[in-house]
Amino acid sequence: MNKSIVAVVSLGLALASAPAFAQNVHKREANQQHRIAEGIENGSLTPKETARLERQEARIKQLQSKDRQSGGGLDPTERKQLNHLLNTESHRIYAQKHDGQGK
């Protein structure tokens, strides 16, 4: 009996966190787009750097869309992969904005 209660609670927590994760992903993507736009405006990103970053952002969005279409949501593995890609892209944006090539 206790195992079934734990399973129900775990499922409820997983479902409750899914929309929060989706919202978090959208906020992160918007924030990263904003950071790229800032780099363009202040000249810290070259056109080549910008194009590379934008291509990667598009790949991440495409992967997210594909993962969501396959089953309506993201499973834990897909969430982990997406989060890793967003983290990596965030580090790339920082590195490209601070490498001194744009200015």
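Going along each chain's sequence as written, the residues are numbered from 1 onward. In view of the model being predicted, local features appear only for residues whose pLDDT reaches at least 70, and side-chain atom pairs are presented and counted only at 80 or more, with totals across whole chains, interfaces and linings using the full set of residues. Note that water and hydrogens are dropped before the side-chain values are worked out from all heavy atoms of the structure.

Colleague: So what's going on with the overall build of the chain? Which residues, and what values?
Modeller: Secondary structure elements follow DSSP: runs of H or I of four or more residues count as helices, runs of E of two or more count as strands, with numbering from the N terminus. Helix and strand content of the chain: three helices and zero strands. Using a 1.4 Å probe on the protein chains alone, a residue whose accessible area is under 20% of its type maximum counts as buried, one over 50% counts as exposed, and one in between counts as partly exposed. When the 103 residues of the chain are sorted by exposure, 30% land in the buried category. If you take every contact in the chain between residues at least 6 apart in sequence, the share linking residues at least 24 apart comes to 73%. In this description, accessible areas are obtained by the Shrake-Rupley approach with a 1.4 Å probe, and a residue is regarded as covered only by the protein chains that are shown. Total accessible area computed for the chain in this model is approximately 7,000 Å², and 58% of it derives from carbon and sulfur atoms. Should any heavy atoms of two residues lie within 4.5 Å, those residues are counted as being in contact.

Colleague: Go over the pattern of salt bridges with me, naming the residues and quoting the values.
Modeller: Salt bridges are identified by distance alone: a Lys or Arg side-chain nitrogen within 4 Å of an Asp or Glu carboxyl oxygen. Going through the model one piece at a time under the given rule, you end up with two salt bridges. Here Lys97 and Glu38 are joined by a salt bridge, their closest N and O atoms 3.4 Å apart. One end of the pair, Lys97, is in helix 3 (residues 76–97); the other, Glu38, is in helix 1 (residues 2–42), with 59 residues separating them in the sequence.

Colleague: I'd like a description of the side chain of Gln56, backed by residues and values.
Modeller: Tracing the chain through its elements places Gln56 in helix 2 (residues 47–71). Definition of a polar contact: a pair of N or O atoms within 3.5 Å, with one able to donate and the other able to accept a hydrogen when the atoms are protein atoms, and with sequence-neighbouring residues admitted only if both atoms are side-chain atoms. Polar side-chain contacts of Gln56 include one of 3.0 Å to the side chain of Arg59. Setting aside anything within four residues of it in sequence, one finds Gln56 in contact with Leu85, Glu89 and Arg92.

Colleague: Tell me what's going on with helix 3, and back it up with residues and numbers.
Modeller: Between the first and last C-alpha of helix 3 there are 31 Å, a value that for 22 residues agrees with the 32 Å anticipated at 1.5 Å per step. Those residues of helix 3 lying buried are Glu78, Arg79, Leu82, Leu86, Glu89, Ile93, Gln96 and Lys97. The buried side chains of helix 3 occupy one side of the element, clustering within an arc of 125° when seen end-on. Within helix 3, the exposed residues directed more than 90 degrees away from the buried face are Pro76, Thr77, Lys80, His84 and His91. Its side-chain oxygen placed 3.0 Å from the backbone nitrogen of Thr77, Asp75 serves as the N-cap of helix 3. Expected span of a helix, by definition, is 1.5 Å for each gap between consecutive residues, and there is one gap fewer than residues. Each direction from the helix axis to a C-beta atom contributes to the arc, which is the arc of those directions.

Colleague: Can you explain the packing of helix 2 against helix 3? Please cite residues and give values.
Modeller: The relative placement of two packed helices is expressed as an angle between their axes plus a distance between the axes. At a minimum axis separation of 11 Å, helix 2 and helix 3 run at an interaxial angle of 170°. Between helix 2 and helix 3, the angle falls in the class roughly antiparallel. Residues Glu49, Arg52, Leu53, Gln56, Glu57, Ile60, Leu63, Gln64, Asp67 and Ser70 of helix 2 form the contact with helix 3, whose own contacting residues are Glu78, Gln81, Leu82, Leu85, Leu86, Glu89, Arg92, Ile93 and Gln96. We call Asp, Glu, Lys and Arg charged. Ala, Val, Leu, Ile, Met, Phe, Trp, Tyr, Cys and Pro are nonpolar, and the rest, Gly among them, are polar. In terms of residue class, the contact of helix 2 with helix 3 is made up of seven nonpolar, five polar and seven charged. Interaxial angle, 0 to 180 degrees, is taken between N-to-C directions of lines fitted to C-alpha atoms, where a helix line uses only the stretch in contact. By the definition adopted for this analysis, an angle is roughly parallel if under 35 degrees, roughly antiparallel if over 145, roughly perpendicular if from 65 to 115, and oblique otherwise.

Colleague: Lay out helix 2 in plain terms, naming residues and giving numbers.
Modeller: Structural remark: α-helix, 3.6 residues per turn; residues separated by three or four positions point the same way. For helix 2, spanning 25 residues, the distance from its first C-alpha to its last is 37 Å, which sits close to the expected 36 Å at 1.5 Å a residue. Of the positions making up helix 2, those classed as buried are Glu49, Thr50, Leu53, Gln56, Glu57, Ile60, Leu63, Gln64 and Asp67.

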